[in-house]
Amino acid sequence: MKIRRDYTQPFFREPKGHPLRNMLIAALLGLLLGLAIFWQQEALRGVVQSLSASPPTPTPMPSELATRASELFLAGDLIKAEDLLAKAVAERPNNLAYRYQHGRLLIELGRYDEAYDHGAAITELDARDARGFALKATALTWQGQASVAIPIALSGLESNPRFTPLHATLARAYVDTQRWADGLETAESGLSIDDEDADLIRAYAYALQSVGSYSDAEAYLRRAMQLRPTYLPVYFELGGLYLARDDDQSAIDVYNRILSLKPRNPRAMLRLCLAYRKVGEFARALGFCQDSVDVEPADAEAQFQLGLLHYRERQFEASRDAFQQCLRYDDGFYELSCRYRLGLSHYYTGACTLGWSLLRDSLDLAQAAGDGATVGNILQGLDAIESDPQCVDEAAAPLTIQH
């Protein structure tokens, strides 16, 4: 029998699938296609972002930090310069140049202990390096330890007799120990090496003032200002010289010049406060003292001067607050002056017992110091409290003075 084929059907015919299964397959294929497209878009987005993102900022090299710090130092921006040098030293602690530059800045900022530590570190790394001696001697001199600084400076000059910062420091230390002739000679020796060193010229002017050569001192300070127009310590010393000579308007002009170079400088505002108080312009003096403590509340001297001006105006609550701040931030210099005036301010604001206690403590301090004038003022205050009928001890015990 002959089999007849139907050529209208495929030779290998597949069985028909179930409709539900076909739908599931189609859905799966669609999901896979969607995921593929999503992944491609995410990859493309990452590439675009990586291309458009800014490259990371490179960290400055220590040498770049030190160079920028030197520029800022010469421009008078000591705070930013110090920050950059601190970073440079942290990166390269064995670099003596960075340590010396940082130490000099710290001295200008009044951070003498830290400057001394840099000097000690330099000496430890190189016992013959004059910069270590200079930092240690300068820090000690500005801390009032000139007699200790002198042998250190002399040792440094044995290592390097031509290092003028040592001449400047030694000259100032000699003056502070009343060796005025030695101070002049040392400064002159340094100037024979470098007559354009502004700090050395400043030291020479300091020595000239010590022997009464005020006109010459003024000329040298002005010379230093020409060499370094933003070197504020020279301006402050010139202003102090004018005040000592009772050339008060010239001093005021100098301090205003400082404020034009460094607005809101608290020390310049304090000096203006003192200058205006000296010439009897108490309202302006009060304003500058207030400005000074607003900028630098931890300045005990500024708080003391502000308290005096408020006390003069019989603004006893304000004087009380200022003298309290003076005691809070004082390192011992204003202890007696602020304490007994704080006691008087408390008395005049009605706090008799507290005022009495502060005056009694102040009396002991004044007697121990042999300060007769202050003892007299304190005794007057105690007498006033004792005789004031409104001043009654909280324990109802009478207040009595023990001379």
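Remember, predicted model here, so these are calculated numbers, not experimental data.

**Overview of the side chain of histidine 310**
Line of reasoning, step 1. With respect to the helices and strands, histidine 310 occurs in helix H16 (residues 300-312).
Line of reasoning, step 2. Apart from residues no more than four positions distant in its own chain, histidine 310 is found in contact with Leu286, Gln290, Gln315, Ala318 and Ser319.

**Quick word on the pattern of salt bridges**
Line of reasoning, step 1. Scanning all chains against the criterion turns up 20 salt bridges.
Line of reasoning, step 2. One salt bridge connects aspartate 83 with lysine 87, and the closest N-O pair in it is separated by 3.5 Å. Taken together, the positions of aspartate 83 and lysine 87, both in helix H3 (residues 78-91) and four residues apart, correspond to about one turn of that helix.
Line of reasoning, step 3. Of the charged contacts in the structure, one is a salt bridge between aspartate 199 and arginine 202, with a shortest N-O distance of 3.4 Å. With aspartate 199 and arginine 202 both in helix H10 (residues 198-210), this residue pair falls three residues apart, about one helical turn.
Line of reasoning, step 4. Residues joined by salt bridges that share partners form a network here, namely Arg172, Asp199, Arg202 and Glu237.

**A look at the state of the cysteines**
Line of reasoning, step 1. One pass over the full model with this rule turns up three disulfides.
Line of reasoning, step 2. Covalently, cysteine 273 is tied to cysteine 289 through a disulfide, its sulfur atoms 2.0 Å apart. Sign of the S-S torsion, about -80° for the bond between cysteine 273 and cysteine 289, identifies this disulfide as left-handed. Here cysteine 289 lies in helix H15 (residues 282-295) and cysteine 273 lies in helix H14 (residues 266-278), a separation of 16 residues in the sequence. Across the pair, exposure class does not vary: cysteine 273 and cysteine 289 are buried alike.
Line of reasoning, step 3. There is a disulfide in this structure between cysteine 352 and cysteine 391, and the S-S distance comes to 2.1 Å. Taking the sign of the torsion about the S-S bond as the criterion, the disulfide between cysteine 352 and cysteine 391, at about -55°, is left-handed. Residue cysteine 352 is found in helix H19 (residues 352-369), and its partner cysteine 391 is found in the segment after helix H20 (372-387); the two are separated by 39 residues along the sequence. Per residue, the accessibility class of cysteine 352 equals that of cysteine 391, and both read buried.

**Here we look at the nonpolar core**
Line of reasoning, step 1. Within the largest apolar cluster, 49 residues are counted, with the highest numbers of intra-cluster contacts made by Leu238, Tyr255, Ile258, Leu272 and Phe288.
Line of reasoning, step 2. Beyond its immediate sequence surroundings of up to four residues, leucine 238 is in contact with Glu218, Leu221, Arg222, Met225 and Val254.
Line of reasoning, step 3. Ranked by size, the runner-up nonpolar core spans 24 residues in total, among them Leu140, Ala149, Ile152 and Ala153.

**Considering the packing of helix H6 (residues 130-142) against helix H8 (residues 164-176)**
Line of reasoning, step 1. In the contact formed by H6 and H8, the axes pass within 9 Å of each other and the chain directions differ by 30°. As judged from the angle between their axes, H6 and H8 are roughly parallel. For the element pair H6 and H8, the recorded crossing hand is left-handed. Contacts between H6 and H8 pair Ala130, Phe133, Ala134, Ala137, Thr138, Thr141 and Trp142 from the former with Leu166, Thr169, Arg172, Ala173 and Asp176 from the latter.
Line of reasoning, step 2. Across the contact of H6 with H8, the residue classes break down as seven nonpolar, three polar and two charged.

**A short note on the confidence of the model for the protein chain**
Line of reasoning, step 1. In this model, the protein chain carries a mean pLDDT of 86, and residues with pLDDT of at least 70 account for 82%.
Line of reasoning, step 2. Here residues 1-17 is modelled with pLDDT under 50, and outside its nearest four sequence neighbours on either side it reaches two contacts, counting other chains as well.
Line of reasoning, step 3. A low-confidence stretch, residues 394-403 stays under pLDDT 50, and its non-local contacts, those more than four residues away or across chains, total 16 contacts.

The rules behind each value
- Position labels on residues start from 1 in each chain and follow its written sequence.
- This being a predicted model, a pLDDT of at least 70 is required before a residue's local features are given, and a value of 80 or more before pairs of side-chain atoms are given or counted; all residues contribute to the totals for chains, interfaces and linings.
- Values shown for side chains rest on all heavy atoms present in the structure; no hydrogens or waters enter the calculation.
- Secondary structure follows DSSP: runs of H or I at least 4 residues long count as helices, runs of E at least 2 residues long count as strands, and numbering of each begins at the N terminus.
- The contact definition used throughout considers only heavy atoms, calling two residues in contact when any of these lie within 4.5 Å.
- In what follows, salt bridge is the name for a side-chain nitrogen of Lys or Arg lying within 4 Å of a carboxyl oxygen of Asp or Glu.
- Pairs of cysteine sulfur atoms within 2.5 Å are identified as disulfides in what follows.
- Buried residues are those whose accessible area, probed at 1.4 Å on protein chains only, stays under 20% of the maximum for their type, while exposed residues exceed 50% and partly exposed ones sit between those limits.
- Within this scheme, the nonpolar core is defined by two criteria: the residues are buried Ala, Val, Leu, Ile, Met, Phe, Trp, Tyr or Cys, and they are joined through side-chain atoms within 4.5 Å.
- Interaxial angles span 0 to 180 degrees and are taken between N-to-C directions of axes, which are lines fitted to C-alpha atoms, for helices over the stretch in contact.
- Any angle that is under 35 degrees is reported as roughly parallel, and any over 145 degrees as roughly antiparallel; angles of 65 to 115 degrees are reported as roughly perpendicular and all others as oblique.
- Here is the rule for handedness: rotate from the far helix to the near one, and if that takes an anticlockwise turn smaller than a right angle the crossing is left-handed, while a clockwise turn gives right-handed.
- For this classification, the nonpolar set comprises Ala, Val, Leu, Ile, Met, Phe, Trp, Tyr, Cys and Pro, the charged set comprises Asp, Glu, Lys and Arg, and every other residue, Gly included, is treated as polar.
- Every residue gets a pLDDT, meaning the predictor's confidence in that residue, from 0 to 100.

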